[in-house]
Every structure is written in structure tokens, then in C-alpha cells.
Amino acid sequence: MEVNCIFFILLLFFLFIISHSDYSSPSTQTLESESESIISRFQQYLQINTSHPNPNYSQAADFILTQAKTLALESETLEFAPGKPLLLLKWPGKNPNLPSILLNSHTDVVPAEDHKWSHPPFGAHIDINGDIYARGAQDMKCVGLQYLEAIRILKGSGFEPDRTVYLSFVPDEEIGGHDGAGPFAESQRFERMNVGIVLDEGLASVNENYRVFFAERCPWWLVIRAFGAPGHGSKLYDNSAMENLMKSIESVRRFRAVQFDKVKAGLKAEGEVVSVNMVFLKAGTPSPTGFVMNLQPSEAVAGFDIRVPPNVDEESLEKRIAEEWAPSSRNMTFELGQFKQKVPVHDMFGRPVLTASDSSNPWWTLLEGAVKKAGGKLNKPEIFPASTDARYFRERGLPAIGFSPMTNTPILLHDHNEFLNQAEYLKGIMMYESIIEAYASYVEQAVVEDSKDEL
Ligand SMILES: *[C@@H]1O[C@H](CO)[C@@H](O)[C@H](O)[C@H]1NC(C)=O
Ligand SMILES: *[C@@H]1O[C@H](CO)[C@@H](O)[C@H](O)[C@H]1NC(C)=O
Ligand SMILES: *[C@@H]1O[C@H](CO)[C@@H](O)[C@H](O)[C@H]1NC(C)=O
Ligand SMILES: [Zn+2]
């Protein structure tokens, strides 16, 4: 592998900012080979095919366990569903009574259409610009290994955490986390970990500042069904199923336009409005050549993917669905969350599922400071437009921050040709080194923990 200049400067920088300098000044050659090993480990992880529908979880688990061993971290394999290992690694703190830090990442990736990629999605090819191509390069094998590389550097420098640091490598995030982070967050094992703060994934940023997420929209999957008298295709009459459904679709469309206009006008970010998109329409009477054309059917169904920000009035949205989008007065019924997807907008304490992103949350302040110290800057905190495993932790009332350190990078998660530049990857390790050091040395009792105790 060629190691370019930029690469070097970066590595020099990140080895030198280590504040505890019993680390002897490394030679240029050491640095070169060190950076090569870091990138090569990332490639190895990316080359493991953990794509759905059949992720090779055992190979990923073996790889992570090998890494854990070289770092002398304690490890445990939990299984909430057979064949779906969740790896829990532990770096014990000097003060195990303090709430711990959990660094979460998922090991699975979404499928890739090989032939539409310029480099094979599980090849981890590095091009002339230093861009590493692989499914999972951004979402989120980068983060999982960056945590470990940051710990490697911190350990190498002699740093000892006050708080215990846990790392969870979870399966199945891409299919909802129902056999991964979901049951994990509800388990007794998790309870015993006494977690105080969770870090999980974010998104790449196209500018020079990092993006950071304090909440996410909750998915509500809605299916509405209209019924009406069937009739000849030529007849005009009221209350056909199609007619009844169309009234609903018009109403949904108006609501959608109002929401989208706020985004278009720059008044709201994408994550701050309710999105509604029709994802299927099902009606008609099949015939050998397609559909019967001269018959108005007696039933028509439509499905919608709705995403609800945590600060939205849940009840009024439910009322809108029941009274405007699927009113029984129009002979309509609806199902919300038939695929386990009606995520509540309140946590187990009845508070909106979001993490404070101001000085009331010491973890927030620490994150800002740590990123700054490592030479980075954060964008204004955002609501994640889709779902991540972070919601399971927030639902437990825990603060969770979404952060995937990638600046100046196009957002390519789930897209063809997903890549991450190697210099950006190394810079991300620096960020985590700084963050983990700040979090693990923070010994004050956090305000959020106090308020939790009162409940
Ligand atoms: C990766 O695994 C998936 C099954 O989950 C499979 O369909 C795909 O062909 C595999 N890709 C490669 C390159 O082996
Ligand atoms: C997973 O990967 C290992 C190592 O490459 C291989 O031996 C095994 O057959 C794979 N399992 C599946 C289900 O593809
Ligand atoms: C609802 O169904 C009933 C019974 O089929 C029918 O009489 C009525 O007109 C329908 N109302 C609407 C609004 O479709
Ligand atoms: Zn992800």
C-alpha cells in the first residue's frame, strides 16, 4: 500500500497530541507501518460479508474477538437470537461505581448490487485518492474499528480510564435491531453495566464540520384500507372503495406538502418535520391480461412510511389518522405498526425520546470540547431523519449521541460505491481518542444521572 504525504502528517499529528507522553517518539518508519496496519485492519473488517439477508456474523465475531484479545479487553458473546452474536467488550475503569460509557456499533450492512459498483463491495479497494470502497465503509464498520483503534492508542500511551468503557458490536441494526440492540437494551446484562452515556452512529458531513445527532424520527408504518360497494366501471356513484381511499390520499398529500414546504423554505431541517410517503397501493381485480377494467373494486389498500420527530404531539397525529386519513365514517380501517413499527415518541419515563444537546448535559459539553481539542468542529445538532439503534437506549431514558466522524465526504450509506477516505478515517480515530479520553476521565456525577435517580 502506498502511504501518501497527507496521511503521514495526520498520523504524526495524532500520535503527538497524546497528552501522556511516556510514549517514545516514533520514527517515520514506525509511523508508516503503523498507519498501514490501521488501514489494513479496517480493510479486513470491510472484507467480511455481513450483508443481509445472510450476514456472516461468525466471521465478524471472530475478527472482533481477535482485536479484543490484542488489546487485552475483556469480552463476552451474548446471543438474543441463535446465530446472531452480540459482542460486548470491556475496558474496566479505576472507579467501577461510576456510570459506564457504551460505544455501540452494528456489524451488519445492507446488501450491495455488485455489478453497479466500480470496485467490488467486499473488496475494500483503495484508489489513487486514498478512498476505500466497501459496503460498510461509512455505515458503520468505520466507527466500530475507530473505537478500537482509539483504545489501542490510548492504551499505548498508558492512559487508564476512570469510568469503565464498554463496546457493543450488535447484529441486525439494518433490519430493525429486534434481535440485537433492542433486547440488549432491555436485558439484565445491560442493566448491570450501569451505562451513563451511549455513542452510536451518525452521518457523513459534506462540509468541514462533523454532524451530530441528539434524537431521531420514530417510524410509524401505516396501512389504510377502504371498503365500498363494487360496481360497473362505467357507473358514477358515491362511496366506492377507490373513491373513499382517494379522499384519504388527497388529505395525506396536503399534509405532506405542508411539511415538505417547511423544509424547502429552509424553516425546518429534514429531521424536524413529519414525513409521509406512500409506499404501496393495492387494489383492482386481477385478470389473465392484467386487471379487469370495467369493474370498480370493493376494497383498496395503501401503505405509508411515516417518520415522526420526538417533539411532535403524538395524540393529535393519531387523531388525524383516525379521523381524516382512515375514518370509519368513510368505511375505512387502519393498522399502525403491524410490522412492529410504531415507535413511541416518549421514553419509559414519559419524556420525549431525545438527548439534551446543550450545557444541561455534561456529556454534550464534553463531546464538543473533545472534538475541538482534536482539531474538529461540530455542526448544529440534528434529528436523525431515519432510525438507528440509539433509540433503544434513549427509550431507556439514557442519553445517546449519534456521531460518525466523517467530514468532506459524500453521504453514501446504502448507496452504490460507498467509500471513506483513509485520511478521514485516521482523523476520525483522533476524534474518538479525544472523546474516549474525556468521557472516561470525567468523574463528576452527571446531572442527567441525578435526575434519573429521582424518577
Ligand atoms: C454476500 O452475502 C450475501 C448474502 O447475505 C450474498 O447474496 C452476496 O452474494 C455475498 N457477496 C459476496 C461478494 O460474496
Ligand atoms: C463465513 O465465513 C467463514 C470464513 O470465511 C466461512 O468459513 C463460512 O463458511 C462463512 N459462513 C457462511 C454462512 O457463509
Ligand atoms: C359504508 O358502508 C355502508 C354499508 O355497506 C354503506 O351503506 C355506506 O354508504 C358506506 N358509507 C361510506 C361513506 O362509504
Ligand atoms: Zn448504520
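Residues numbered from 1 in each chain as written. Chains lettered and ligands numbered in written order. Predicted model: local features only at pLDDT ≥ 70, side-chain atom pairs only at ≥ 80, totals over all residues. Heavy atoms only, no water.

A. Just the sheet that holds strand β16 (residues 332-336), in detail. Reading across from one edge, β11-β15-β9-β16 is the order of the four strands in this open sheet, with antiparallel pairing throughout. For this open sheet the edge positions go to β11 (275-283) and β16, each flanked by a neighbour on one side alone. Each strand axis lies, on average, 20° off the axis of its neighbour in the sheet, ignoring direction. Pairing between strand β9 (residues 218-227) and strand β15 (residues 299-308): ten bridges, direction antiparallel. Its bridge partner lying in β15, R225 is registered against V301. (Pairing = 2+ DSSP bridges. Helix = DSSP H or I, 4+ residues; strand = E, 2+ residues; numbered from the N terminus. Axes fitted to C-alpha atoms, helices over the stretch in contact; angles between N-to-C directions.)

B. Just unusual backbone geometry, in detail. The linkage connecting H52 with the following residue, P53, adopts the cis geometry, with an omega of 10°. In this fold, P53 is placed in the loop between α2 (28-46) and α3 (57-70). In this chain, D139 is followed by M140 through a cis amide linkage whose omega measures -15°. Looking at the element boundaries, M140 is found in the loop between β5 (131-133) and α4 (141-156). Unlike most non-glycine residues, N194 shows phi in positive territory, near 50°. By relative accessible area, which is 34% here, N194 ends up partly exposed. (Buried < 20%, exposed > 50% of the residue type's maximum accessible area, 1.4 Å probe, protein only.)

C. Representation of the site of ligand 1 in the model. Neighbouring ligand 1 are the residues N49, S51, H52, P53, N54, D114 and F122. One of the side-chain nitrogen or oxygen atoms of N49 is found 2.4 Å away from an oxygen atom of ligand 1. Between ligand 1 and S51, the relevant distance is 2.8 Å, taken from an oxygen atom to a main-chain nitrogen or oxygen of the residue. (Near = heavy atom within 4 Å. Polar contact = N/O pair within 3.5 Å; in protein donor to acceptor, adjacent residues only side chain to side chain.)

D. Structural detail: the coordination of the zinc ion (ligand 4). Looking at the zinc ion (ligand 4), the protein donor atoms are H106 (NE2), D139 (OD), E201 (OE) and E201 (OE), and they sit 1.8 to 2.7 Å from it. In this structure, the zinc ion (ligand 4) is coordinated by four donor atoms arranged in irregular fashion, with angles at the metal of 52 to 147°. The sequence pattern formed by the donor residues of the zinc ion (ligand 4) is H-x32-D-x61-E. Taken together, the residues H106 in strand β3 (residues 100-106) and E201 in the loop between β7 (195-200) and β8 (213-216) connect sequence positions 95 residues apart. (Donors = N, O, S within 2.8 Å, 3.2 Å for Na, K, Ca; no water. Tetrahedral: all angles 85-135°; square planar, octahedral: opposite > 155°, others 65-115°.)

E. A look at the sheet that holds strand β4 (residues 125-126). Read across the sheet, three strands follow the order β4-β5-β19 without closing on themselves; strand pairing throughout is antiparallel. Two strands lie at the open edges of the sheet, namely β4 and β19 (419-421), each paired on one side alone. Where β5 and β19 come together, three bridges link them in antiparallel fashion. In the strand pairing of β19, I132 is matched with L420. Of the strands in this sheet, β4, β5 and β19 touch α2, which is tilted by about 20° from β5. Across the face of the sheet, helix α11 (residues 422-441) comes into contact with β4, β5 and β19 while running at roughly 70° to β19. (Contact = heavy atoms within 4.5 Å.)

F. Here's a closer look at the confidence of the model for the chain. Overall, the predicted model of the chain reaches an average pLDDT of 92, with 91% of residues at or above 70. For residues 446-455, every residue scores under 50 in pLDDT, and the model assigns this stretch 17 contacts once sequence neighbours within four places are set aside. (pLDDT = per-residue confidence, 0-100.)

G. Looking closely at the site of ligand 3. For ligand 3, the full set of nearby residues is N239, N244, S329, R330 and N331. Between ligand 3 and the protein, one listed contact pairs an oxygen atom with a side-chain N or O atom of N244 at 3.2 Å. The protein chains hide 42% of the 360 Å² of surface that ligand 3 would expose on its own. Looking at side-chain class alone, the shell around ligand 3 contains no nonpolar, four polar and one charged residues. (Areas by Shrake-Rupley, 256 points an atom, 1.4 Å probe, with all protein chains shown as cover. Nonpolar A, V, L, I, M, F, W, Y, C, P; charged D, E, K, R; others polar.)

H. Quick look at a positive patch on the surface. A cluster of basic residues, R253, R254, R256 and K264, forms a positive patch on the protein surface. Mapped onto the elements, R254 comes out in helix α7 (residues 241-264). (Patch = residues over 30% accessible without salt bridge, like charges linked within 9 Å, V, L, I, M, F, W, Y side chains within 5 Å. Salt bridge = Lys/Arg side-chain N within 4 Å of Asp/Glu carboxyl O. Lys, Arg positive; Asp, Glu negative; His and termini not counted. Charge placed at Lys NZ, Arg CZ, Asp CG, Glu CD.)

I. Region of the structure containing the pattern of salt bridges. Per the stated rule, a full pass over the model turns up 16 salt bridges. For R189, the salt bridge identified is with E76, shortest N-O distance 2.9 Å. Taken as a pair, R189 in helix α6 (residues 188-193) and E76 in strand β1 (residues 74-79) lie far apart in primary sequence, 113 residues in all. Looking at R189, the relative accessible area reads 15%, which means it is buried. With a shortest N-O distance of 2.7 Å, R135 and E418 are connected by a salt bridge. Taken together, the residues span a long stretch of sequence, with R135 in the loop between β5 and α4 and E418 in the loop between β18 (400-402) and β19 at a distance of 283 residues. E418 carries the same exposure label as R135, and that label is buried. If you follow the salt bridges from partner to partner, you end up with R41, E149 and R152 in one network.

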